[in-house]
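Examination of the molecular architecture
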Amino acid sequence: MNRDTESMQCRPPAVAGAFYPGDPLALSAMVSELLAAAKPMSLPHQPKAMVAPHAGYIYSGGVAAHGYRSLQPYADEIRRVILLGPNHRVPLAGIAAPDVSCFRTPLGDIEIDQEMISQLADKGLLQINSLPHHQEHCLETQLPFLQKLLSNWQLVPLVVGETAADDVAALLEEVIHEPGNIVIVSSDLSHFHEYHEAQRIDNHTSELIETLQPVIHPQQACGAFPLNGLLQLAVRMGLRVITLDRKNSGDTAGGKDQVVGYASYAFV
(Lines give C-alpha, C1' and ligand atoms only; values in the text may rest on other atoms or scores of the structure.)
Protein backbone atom coordinates (compact mmCIF):
# COMPACT_ATOMS: atom_id res chain seq x y z
CA MET A 1 0.00 0.00 0.00
CA ASN A 2 1.47 3.37 -0.92
CA ARG A 3 1.86 6.12 1.63
CA ASP A 4 -0.84 8.37 0.17
CA THR A 5 -3.44 5.60 0.39
CA GLU A 6 -2.40 4.45 3.83
CA SER A 7 -2.30 7.99 5.23
CA MET A 8 -6.04 8.31 4.58
CA GLN A 9 -6.80 5.46 6.93
CA CYS A 10 -8.10 5.76 10.47
CA ARG A 11 -6.53 3.43 13.01
CA PRO A 12 -9.44 1.49 14.57
CA PRO A 13 -9.65 0.70 18.29
CA ALA A 14 -7.82 -2.50 19.24
CA VAL A 15 -8.88 -2.96 22.88
CA ALA A 16 -12.41 -1.51 23.02
CA GLY A 17 -14.59 -3.98 24.87
CA ALA A 18 -11.57 -5.35 26.71
CA PHE A 19 -9.60 -2.58 28.44
CA TYR A 20 -12.61 -0.26 28.41
CA PRO A 21 -16.25 -0.46 27.28
CA GLY A 22 -16.84 -0.81 23.57
CA ASP A 23 -20.27 0.78 23.73
CA PRO A 24 -20.04 4.58 23.30
CA LEU A 25 -22.66 5.39 25.94
CA ALA A 26 -21.16 3.01 28.49
CA LEU A 27 -17.66 4.32 27.80
CA SER A 28 -18.73 7.95 28.06
CA ALA A 29 -20.50 7.26 31.34
CA MET A 30 -17.55 5.34 32.78
CA VAL A 31 -15.00 8.04 31.94
CA SER A 32 -17.30 10.75 33.30
CA GLU A 33 -17.73 8.80 36.54
CA LEU A 34 -13.98 8.25 36.88
CA LEU A 35 -13.28 11.95 36.36
CA ALA A 36 -16.02 12.97 38.78
CA ALA A 37 -14.67 10.62 41.46
CA ALA A 38 -11.08 11.86 41.10
CA LYS A 39 -9.99 14.29 43.80
CA PRO A 40 -9.10 17.55 42.05
CA MET A 41 -5.61 18.88 42.70
CA SER A 42 -4.86 22.52 42.07
CA LEU A 43 -1.65 22.97 40.10
CA PRO A 44 0.36 26.21 40.10
CA HIS A 45 0.58 26.30 36.30
CA GLN A 46 -0.62 24.37 33.27
CA PRO A 47 1.47 21.19 33.17
CA LYS A 48 4.04 20.88 30.42
CA ALA A 49 3.74 17.10 30.68
CA MET A 50 1.93 14.33 32.49
CA VAL A 51 2.41 10.61 33.13
CA ALA A 52 -0.65 8.34 33.24
CA PRO A 53 -1.17 4.54 33.48
CA HIS A 54 -2.67 2.40 30.74
CA ALA A 55 -4.19 -0.79 32.15
CA GLY A 56 -7.86 -1.76 31.96
CA TYR A 57 -10.02 0.99 33.38
CA ILE A 58 -11.27 -1.15 36.29
CA TYR A 59 -7.64 -1.41 37.41
CA SER A 60 -5.97 1.91 36.57
CA GLY A 61 -8.77 4.18 35.36
CA GLY A 62 -9.12 5.93 38.69
CA VAL A 63 -5.41 6.75 38.85
CA ALA A 64 -5.43 8.01 35.26
CA ALA A 65 -8.51 10.11 36.02
CA HIS A 66 -6.63 11.97 38.77
CA GLY A 67 -4.14 13.06 36.13
CA TYR A 68 -6.73 14.11 33.61
CA ARG A 69 -8.85 15.86 36.24
CA SER A 70 -5.82 18.06 36.98
CA LEU A 71 -5.84 19.17 33.33
CA GLN A 72 -9.47 20.28 33.35
CA PRO A 73 -8.77 23.94 34.24
CA TYR A 74 -6.48 24.15 31.20
CA ALA A 75 -8.53 22.09 28.75
CA ASP A 76 -9.50 25.04 26.57
CA GLU A 77 -5.84 25.96 26.09
CA ILE A 78 -4.64 22.51 24.96
CA ARG A 79 -4.57 22.17 21.18
CA ARG A 80 -2.10 19.35 20.62
CA VAL A 81 -1.26 16.21 22.64
CA ILE A 82 2.07 14.52 22.06
CA LEU A 83 1.36 11.05 23.42
CA LEU A 84 4.21 8.59 23.99
CA GLY A 85 4.10 5.02 25.24
CA PRO A 86 6.04 1.75 25.11
CA ASN A 87 5.83 -1.07 22.58
CA HIS A 88 4.11 -4.09 24.13
CA ARG A 89 3.53 -6.24 21.04
CA VAL A 90 5.94 -5.38 18.22
CA PRO A 91 9.75 -5.19 18.56
CA LEU A 92 10.93 -1.65 17.97
CA ALA A 93 14.11 0.37 18.14
CA GLY A 94 13.53 4.11 18.08
CA ILE A 95 10.32 6.13 17.97
CA ALA A 96 7.48 5.25 15.58
CA ALA A 97 4.64 7.45 14.36
CA PRO A 98 1.77 5.93 12.37
CA ASP A 99 0.97 6.78 8.77
CA VAL A 100 -2.75 7.37 9.30
CA SER A 101 -5.00 10.42 9.35
CA CYS A 102 -6.87 9.66 12.58
CA PHE A 103 -7.25 7.37 15.58
CA ARG A 104 -10.74 6.03 16.31
CA THR A 105 -12.37 5.10 19.61
CA PRO A 106 -16.03 4.39 20.38
CA LEU A 107 -16.30 8.11 21.20
CA GLY A 108 -15.29 9.17 17.69
CA ASP A 109 -12.26 10.03 15.57
CA ILE A 110 -9.22 12.05 16.62
CA GLU A 111 -7.27 13.95 13.99
CA ILE A 112 -3.58 13.14 13.71
CA ASP A 113 -1.23 16.10 13.26
CA GLN A 114 0.47 14.71 10.17
CA GLU A 115 2.29 17.98 9.53
CA MET A 116 4.10 17.84 12.88
CA ILE A 117 4.91 14.15 12.39
CA SER A 118 6.40 14.92 8.97
CA GLN A 119 8.49 17.74 10.41
CA LEU A 120 9.85 15.51 13.18
CA ALA A 121 10.55 12.71 10.69
CA ASP A 122 12.40 15.12 8.37
CA LYS A 123 14.65 16.04 11.31
CA GLY A 124 15.40 12.36 11.91
CA LEU A 125 13.67 12.33 15.29
CA LEU A 126 11.22 9.54 14.48
CA GLN A 127 10.33 6.91 11.89
CA ILE A 128 7.04 6.43 10.06
CA ASN A 129 5.95 2.93 11.00
CA SER A 130 2.32 2.00 11.60
CA LEU A 131 2.93 -1.62 12.61
CA PRO A 132 3.75 -0.95 16.31
CA HIS A 133 0.50 0.99 16.60
CA HIS A 134 -1.91 -1.61 15.21
CA GLN A 135 -2.56 -3.58 18.42
CA GLU A 136 -0.88 -1.30 20.97
CA HIS A 137 -3.08 -0.44 23.94
CA CYS A 138 -0.92 2.03 25.87
CA LEU A 139 -1.85 5.04 23.74
CA GLU A 140 -5.40 3.95 22.99
CA THR A 141 -6.43 3.76 26.64
CA GLN A 142 -5.58 7.44 27.11
CA LEU A 143 -7.77 8.62 24.25
CA PRO A 144 -11.28 8.46 25.76
CA PHE A 145 -10.10 10.60 28.68
CA LEU A 146 -8.69 13.14 26.24
CA GLN A 147 -11.86 13.05 24.13
CA LYS A 148 -14.01 13.84 27.17
CA LEU A 149 -11.66 16.59 28.29
CA LEU A 150 -10.58 18.42 25.12
CA SER A 151 -12.11 19.96 22.03
CA ASN A 152 -10.51 21.24 18.84
CA TRP A 153 -7.26 19.36 19.30
CA GLN A 154 -4.86 17.15 17.38
CA LEU A 155 -2.89 14.06 18.38
CA VAL A 156 0.74 13.09 17.80
CA PRO A 157 0.84 9.38 18.80
CA LEU A 158 4.30 7.89 19.27
CA VAL A 159 5.31 4.36 20.23
CA VAL A 160 8.77 4.38 21.81
CA GLY A 161 10.92 1.26 21.65
CA GLU A 162 14.43 0.88 23.00
CA THR A 163 15.61 4.47 22.65
CA ALA A 164 18.28 6.56 24.37
CA ALA A 165 16.94 9.20 26.73
CA ASP A 166 18.88 11.80 24.72
CA ASP A 167 16.91 10.92 21.58
CA VAL A 168 13.53 11.10 23.31
CA ALA A 169 14.49 14.38 24.98
CA ALA A 170 15.59 15.82 21.62
CA LEU A 171 12.17 15.06 20.13
CA LEU A 172 10.30 16.43 23.12
CA GLU A 173 12.36 19.62 23.12
CA GLU A 174 11.05 20.31 19.62
CA VAL A 175 7.42 20.26 20.79
CA ILE A 176 7.13 20.95 24.50
CA HIS A 177 7.67 24.72 24.38
CA GLU A 178 4.92 25.53 21.87
CA PRO A 179 1.84 27.07 23.52
CA GLY A 180 -1.11 24.72 23.43
CA ASN A 181 1.03 21.58 23.47
CA ILE A 182 1.16 19.00 26.24
CA VAL A 183 3.28 15.85 26.46
CA ILE A 184 1.71 12.75 27.98
CA VAL A 185 3.75 9.62 28.71
CA SER A 186 1.73 6.44 29.12
CA SER A 187 3.34 4.06 31.60
CA ASP A 188 2.50 1.60 34.35
CA LEU A 189 4.97 0.92 37.17
CA SER A 190 6.14 -2.52 38.41
CA HIS A 191 4.51 -5.70 37.11
CA PHE A 192 3.45 -8.91 38.86
CA HIS A 193 5.10 -8.67 42.24
CA GLU A 194 3.49 -9.45 45.59
CA TYR A 195 1.65 -6.41 46.96
CA HIS A 196 4.19 -5.25 49.55
CA GLU A 197 7.16 -5.94 47.28
CA ALA A 198 5.45 -3.94 44.55
CA GLN A 199 4.92 -1.06 46.95
CA ARG A 200 8.62 -1.13 47.84
CA ILE A 201 9.67 -1.08 44.18
CA ASP A 202 7.16 1.59 43.25
CA ASN A 203 8.15 3.78 46.19
CA HIS A 204 11.71 3.81 44.86
CA THR A 205 10.63 4.41 41.27
CA SER A 206 8.36 7.24 42.33
CA GLU A 207 11.23 8.84 44.24
CA LEU A 208 13.38 8.68 41.09
CA ILE A 209 10.61 10.32 39.06
CA GLU A 210 9.91 13.01 41.66
CA THR A 211 13.62 13.88 41.85
CA LEU A 212 14.01 13.89 38.03
CA GLN A 213 16.50 11.03 37.77
CA PRO A 214 16.37 9.55 34.23
CA VAL A 215 17.58 6.10 35.28
CA ILE A 216 14.28 4.17 35.24
CA HIS A 217 14.50 0.53 34.07
CA PRO A 218 11.71 -1.25 32.18
CA GLN A 219 11.27 -3.55 35.19
CA GLN A 220 10.35 -0.47 37.23
CA ALA A 221 8.08 1.15 34.62
CA CYS A 222 7.10 -0.29 31.25
CA GLY A 223 7.28 3.20 29.75
CA ALA A 224 10.86 3.65 30.96
CA PHE A 225 12.28 4.79 27.62
CA PRO A 226 9.89 7.69 26.97
CA LEU A 227 9.81 8.46 30.70
CA ASN A 228 13.60 8.80 30.94
CA GLY A 229 13.62 11.18 28.00
CA LEU A 230 10.97 13.33 29.66
CA LEU A 231 12.88 13.30 32.96
CA GLN A 232 16.09 14.32 31.23
CA LEU A 233 14.40 17.25 29.53
CA ALA A 234 12.59 18.21 32.74
CA VAL A 235 15.96 18.65 34.45
CA ARG A 236 17.10 21.04 31.71
CA MET A 237 13.83 22.96 31.83
CA GLY A 238 13.74 23.25 35.62
CA LEU A 239 10.39 21.49 35.89
CA ARG A 240 9.15 19.88 39.07
CA VAL A 241 7.05 16.76 39.47
CA ILE A 242 3.82 16.57 41.44
CA THR A 243 2.47 13.12 42.25
CA LEU A 244 -1.28 13.16 41.63
CA ASP A 245 -2.16 9.58 42.58
CA ARG A 246 -0.47 6.21 43.06
CA LYS A 247 -1.97 2.77 43.66
CA ASN A 248 -1.64 -0.76 42.37
CA SER A 249 -4.13 -3.33 41.13
CA GLY A 250 -4.33 -4.80 44.63
CA ASP A 251 -5.87 -1.51 45.75
CA THR A 252 -8.39 -1.34 42.92
CA ALA A 253 -9.78 -4.50 41.30
CA GLY A 254 -7.31 -7.34 41.70
CA GLY A 255 -5.74 -9.73 44.19
CA LYS A 256 -2.58 -8.97 46.10
CA ASP A 257 -0.40 -11.89 45.03
CA GLN A 258 0.67 -10.42 41.65
CA VAL A 259 -0.05 -6.73 41.23
CA VAL A 260 0.72 -3.98 38.72
CA GLY A 261 1.62 -0.49 39.87
CA TYR A 262 0.00 2.71 38.57
CA ALA A 263 0.71 6.40 39.09
CA SER A 264 -0.08 9.77 37.57
CA TYR A 265 2.32 12.69 37.71
CA ALA A 266 2.24 16.29 36.52
CA PHE A 267 5.35 18.13 35.32
CA VAL A 268 5.04 21.88 35.99
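What comes next is a walk through the structure.

**Structural notes on helix α3 (residues 57-71)**
Val63 marks where α3 bends most, by close to 30°. Counting buried residues along α3, 11 of its 15 residues qualify, which places the element largely inside the surrounding structure. All of the buried residues in α3 are Tyr57, Ser60, Gly61, Val63, Ala64, Ala65, His66, Gly67, Tyr68, Ser70 and Leu71. Looking at the packing, one finds that the buried side of α3 touches α2 (24-37), β2 (49-52), α5 (143-149), β9 (181-186), β11 (241-248) and β12 (259-267).

**Section: the packing of helix α6 (residues 165-175) against helix α8 (residues 224-237)**
Close contact between α6 and α8 brings their axes to 7 Å; oriented N to C, the two are set at 65°. α6 and α8 meet at a crossing whose hand is right-handed. Counting all contacts with α6, which are made through Ala165, Asp166, Val168, Ala169, Leu172 and Glu173, the residues of α8 involved are Phe225, Pro226, Asn228, Gly229, Leu230, Gln232, Leu233 and Arg236. Across the contact of α6 with α8, the residue classes tally to eight nonpolar, three polar and three charged.

**Topic: the sheet that holds strand β6 (residues 108-111)**
In any sheet, the strands associate via hydrogen bonds between backbone groups, in a parallel or an antiparallel arrangement. With mixed pairing, three strands are arranged side by side in an open sheet as β1-β5-β6. With one partner strand each, in any of the chains shown, β1 (10-11) and β6 form the two edges of the open sheet. Bridge analysis of strand β5 (residues 102-105) against β6 gives four bridges, and the strand direction is antiparallel. Bridging across to β6, Arg104 finds its partner in Asp109.

**Let's talk about the state of the cysteines**
Scanning all chains against the criterion turns up one disulfide. One disulfide bridge connects Cys10 with Cys102, the sulfur atoms lying 2.0 Å from each other. Where Cys10 bonds to Cys102 through sulfur, the torsion about that S-S bond is close to -140°, and the disulfide is left-handed. Of the two residues, Cys10 is situated in strand β1 and Cys102 in strand β5; the sequence distance between them amounts to 92 residues. Of the two residues examined, Cys10 and Cys102, each falls in the buried class.

**Some remarks on the packing of aromatic side chains**
Applying the stated criterion to the full structure yields three aromatic pairs. Residues Tyr68 and Phe145 carry aromatic rings whose centres are separated by 5.2 Å and whose planes lie at 5° to one another, so their mutual orientation is stacked. A residue pair is termed long-range when its members are at least 10 positions apart, and Tyr68 in helix α3 and Phe145 in helix α5 qualify at 77 residues. A relative accessible area of 1% places Phe145 in the buried class. Through a chain of ring-to-ring contacts, three or more aromatic side chains come together here, namely Tyr20, Tyr57, Tyr68 and Phe145.

About the cut-offs
- Residues numbered from 1 in each chain as written.
- Predicted model: local features only at pLDDT ≥ 70, side-chain atom pairs only at ≥ 80, totals over all residues.
- Heavy atoms only, no water.
- Bend = angle between axes of the 7 residues up to and from the residue.
- Helix = DSSP H or I, 4+ residues; strand = E, 2+ residues; numbered from the N terminus.
- Buried < 20%, exposed > 50% of the residue type's maximum accessible area, 1.4 Å probe, protein only.
- Contact = heavy atoms within 4.5 Å.
- Axes fitted to C-alpha atoms, helices over the stretch in contact; angles between N-to-C directions.
- Left-handed = near helix turned anticlockwise from the far one by under 90°.
- Nonpolar A, V, L, I, M, F, W, Y, C, P; charged D, E, K, R; others polar.
- Pairing = 2+ DSSP bridges.
- Disulfide = S-S within 2.5 Å.
- Phe/Tyr/Trp six-rings, centres within 6.5 Å; stacked < 30°, edge-to-face > 60°.

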